[in-house]
Amino acid sequence: MLGFDGVLLAGLARDGGLYLPEAIPTLDRATIAGLAGRRYAEVAEGLIAPFTGDCFAPGSLRRMTEGAYAGFRHPAVVPLSQLGDNLFLLELFHGPTLAFKDVAMQLLGRMMEEVLGRRGRRTTVVGATSGDTGAAAIEAFKGLDSVDVVILYPHGRVSEVQRRQMTGVAAANVHVVALEGTFDDCQAIVKALFNHHAFRDETNLSGVNSINWARVLAQIVYFFTGAVALGSPHRAVSFAVPTGNFGDILAGWIAKRMGLPVERLVAATNANDILARCLESGRYEVQGVRATQSPSMDIQVSSNFERLLFEAYGRDAAAVRGLMASLAQSGSFEVAGGAMDRIRAEFDAVRIDEAGTEAEMARTFRDSGVVLDPHTAVGVAAARRTLARDPSTPVIALGTAHPAKFPDAVERATGRRPALPPHLADLLGREERFTVLPNDAAAVEDFIRHRSGAAAKGEVRA
Ligand SMILES: *Cc1c(COP(=O)(O)O)cnc(C)c1O
């Protein structure tokens, strides 16, 4: 078994699997009630500490949560607003890169820096991005001495603002790759790099995709703060979560297992609806990726679903390995009936198509004057369907991106072109730096060998 620091630095297990804690700590009702009215950084420390064991000295985790959330542009960090009867919006996009990825990445960067410093080590952080993870990781790691950050994004498949947030950063330790493929191709290459153990050791590879457990962990916190703001634990709530890689909604499920009374967890997907199809039919089947106006969710293989399967199969690692092998071989697998029942007991999945996304942006703007980005609109539309079935349980839709990240889609739907906040006002004029590479793991390995300081200086694993 690995300690928290090992899991944090590794990202992906050496056998290709994903890490989960051996046991999930639970909170009693009084403790949950006691979170009400407290500062976000304080709640974060309290919820995360039981998972990190003795990894951080007393006071050190608190300094990290304080630092991570000081740069958010809202005093509540993740404010909750109301859109309608029992319909709420948890605004997770007030961080430096305007997407919810900042909530976890700002903390992850600080945790990694501390652990690397202690070990006197450097690392090469690699990440695949459908647009937002890359920017958030670059923002969190830029300029750090102990880290090189290499980000792979699908060439031509992210919005201009998303691209420029990655390519417009002038820091020597930031290396941006436009891969000639889809997000799933980027993610497959990152996994291949990790499974190539010699390369992994040579470059001290670390992963920051939501396959890194520490990211999921940091995301548990706002499920608590959102629910407690509506009266939890005395009142149950449901969550509608715009979903791609299943990391965010998995964090909600962990929060539920920790004792938070969550009624339904609703995975809101766009036209890339593998999860909605799987919950309907019991068959997880990869189809071609479709480009939508919510590109951060243009994903077919939802990596973190593997973690849920592991639990739904009663932690039967061999069974899950079998499913993953079938996925790699034939692009699909069948979920066993009992496991499927356990998943359906807690999760719903709702598919919102392009017209539905646009209609939701228009409707929310008309009814409440709130401008949603297309990802958040998928979540709000799914929340309305959940309310139609059960009007008495409040539904919190997660607001995953700021509308200014997707100005074209927002303008089409609402007639308003959202402005970038002041700290990004000059973004479109910044010089861009990136390298186009073919969809080929060997080409990416060569690129990393040449760019990363850990490899270039001939340093090896401590
Ligand atoms: C990453 C992202 C999602 C999907 O989150 P997952 O954890 O991958 O399911 C949804 N919306 C936005 C804006 C994102 O950046």
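Refer to the structure presented above.
Summary of the structure given here. In this text the structure is predicted, and so the values were computed from the model without any measurement. (Residues numbered from 1 in each chain as written. Predicted model: local features only at pLDDT ≥ 70, side-chain atom pairs only at ≥ 80, totals over all residues. Heavy atoms only, no water.)

This part covers the overall build of the chain. The secondary structure content of the chain amounts to 20 helices and 13 strands. With the C-alpha coordinates aligned to their principal axes, the bounding extent of the chain is approximately 60 × 50 × 50 Å. The centroid of the 48 positive side-chain charges in the chain is displaced by 2 Å from the centroid of its 52 negative side-chain charges. (Helix = DSSP H or I, 4+ residues; strand = E, 2+ residues; numbered from the N terminus. Lys, Arg positive; Asp, Glu negative; His and termini not counted. Charge placed at Lys NZ, Arg CZ, Asp CG, Glu CD.)

Examined against the element boundaries, D273 turns out to sit in the loop between strand 8 (262–269) and helix 12 (274–281). Classification of D273 by relative accessible area gives buried; the value is 11%. Residues contacting D273, with those up to four places away along its chain left out, are Q300 and R351. (Buried < 20%, exposed > 50% of the residue type's maximum accessible area, 1.4 Å probe, protein only. Contact = heavy atoms within 4.5 Å.)

With that out of the way, let us pick up the sheet that holds strand 2 (residues 87–91). Spatially, 6 strands are ordered 1-2-12-7-8-11 in an open sheet, and the strand pairing comes out mixed. Looking at which strands have only one partner, the edges of the open sheet turn out to be strand 1 (80–84) and strand 11 (347–351). The average undirected angle you get between the axes of adjacent strands in this sheet is 25 degrees. Sheet topology note: the strand 7 (residues 237–242)/strand 8 ladder contains 5 bridges and is parallel. Residue pairing across strands places P242 opposite A268, the latter belonging to strand 8. (Pairing = 2+ DSSP bridges. Axes fitted to C-alpha atoms, helices over the stretch in contact; angles between N-to-C directions.)

Lining the immediate surroundings of the ligand are 15 residues, of which K101, D132, G244, N245 and D248 lie closest. Within the side chain of D132, an N or O atom sits 2.4 Å from an oxygen atom of the ligand. Surface burial for the ligand is 98%, taken as the share of its 380 Å² of free accessible area covered by protein chains. Residues that form the shell around the ligand fall into these classes: 5 nonpolar, 7 polar and 3 charged. (Near = heavy atom within 4 Å. Polar contact = N/O pair within 3.5 Å; in protein donor to acceptor, adjacent residues only side chain to side chain. Areas by Shrake-Rupley, 256 points an atom, 1.4 Å probe, with all protein chains shown as cover. Nonpolar A, V, L, I, M, F, W, Y, C, P; charged D, E, K, R; others polar.)

A word on the nonpolar core. Ranked by size, the top nonpolar core spans 107 residues in total, and within it F141, Y222 and F239 carry the most contacts. The contact partners of F239, leaving out residues within four places of it in the chain, are F223, A227, V262, R264, L265, V266, I396 and L398. Within the second largest apolar cluster, 23 residues are counted, among which are V350, V380, V395 and A397. (Core = buried A, V, L, I, M, F, W, Y, C linked by side-chain atoms within 4.5 Å.)

With that settled, the discussion passes to the side chain of Q162. Within the secondary structure, Q162 is located in helix 7 (residues 160–167). Of note is the side chain of Q162, whose polar atom sits 2.9 Å from the side chain of D132.

Turning next to the environment of C55. On the secondary structure map, C55 appears in the loop between helix 3 (40–52) and helix 4 (60–70). Here the alpha-carbon distance between C55 and R430, two residues 375 residues apart in the chain, equals 39 Å. Excluding anything up to four places from it in sequence, C55 contacts F4, D5, V115 and R118.

A few words on the pattern of salt bridges. Scanning all chains against the criterion turns up 31 salt bridges. A salt bridge links R122 to D148; the nearest nitrogen and oxygen atoms lie 2.5 Å apart. Here the residue R122 occupies a position in the loop between helix 5 (101–119) and strand 3 (123–128), and D148 occupies one in strand 4 (residues 147–154), the gap between them amounting to 26 residues. The buried category is assigned to R122, whose relative accessible area is 12%. For D148, a relative accessible area of 4% gives the class buried. The shortest N-O distance in the salt bridge between D348 and R389 comes to 4.0 Å. (Salt bridge = Lys/Arg side-chain N within 4 Å of Asp/Glu carboxyl O.)

Right, let's get into the environment of P421. Looking at the element boundaries, P421 is found in the loop between helix 18 (407–414) and strand 13 (435–437). For P421, a relative accessible area of 9% translates into the label buried. C-alpha separation for the pair P421 and H94, spaced 327 residues apart in sequence, amounts to 9.8 Å. Discounting chain neighbours no more than four positions away, the residues touching P421 are R73 and L98.

With that out of the way, let us pick up the packing of helix 5 against helix 10 (residues 213–229). Describing two packed helices takes the angle between their axes plus the distance from one axis to the other. One can describe the packing of helix 5 onto helix 10 by two numbers: an axis separation of 9 Å at closest approach and a directional angle of 125 degrees. For the element pair helix 5 / helix 10, the angle class is oblique. Of the two elements, helix 5 crosses helix 10, and the hand of that crossing is right-handed. Residues K101, V103, A104, M105, L107 and L108 of helix 5 form the contact with helix 10, whose own contacting residues are A214, R215, A218, Q219 and Y222. The class makeup of the residues in the contact of helix 5 with helix 10 is 8 nonpolar, 1 polar and 2 charged. (Parallel < 35°, antiparallel > 145°, perpendicular 65-115°, else oblique. Left-handed = near helix turned anticlockwise from the far one by under 90°.)

Aromatic ring pairs are defined here through the distance separating the ring centres and the angle between the ring planes. Taken as a whole and assessed by the stated rule, the structure comprises 10 aromatic pairs. Aromatic pair Y69 and F72: ring centres 5.5 Å apart, planes at 65 degrees, arrangement edge-to-face. Residue Y69 is classed as buried on the basis of its relative accessible area of 6%. The interplanar angle of 15 degrees and the centroid separation of 4.9 Å between the aromatic rings of Y284 and F333 together place this pair among those described as stacked. One end of the pair, Y284, is in strand 9 (residues 283–285); the other, F333, is in strand 10 (residues 332–334), and 49 residues separate them in sequence. Summarising the burial analysis for this pair, Y284 and F333 share the class buried. Through pairs of rings, three or more aromatic residues link up here, namely F246, Y284, F305, F333 and F347. (Phe/Tyr/Trp six-rings, centres within 6.5 Å; stacked < 30°, edge-to-face > 60°.)

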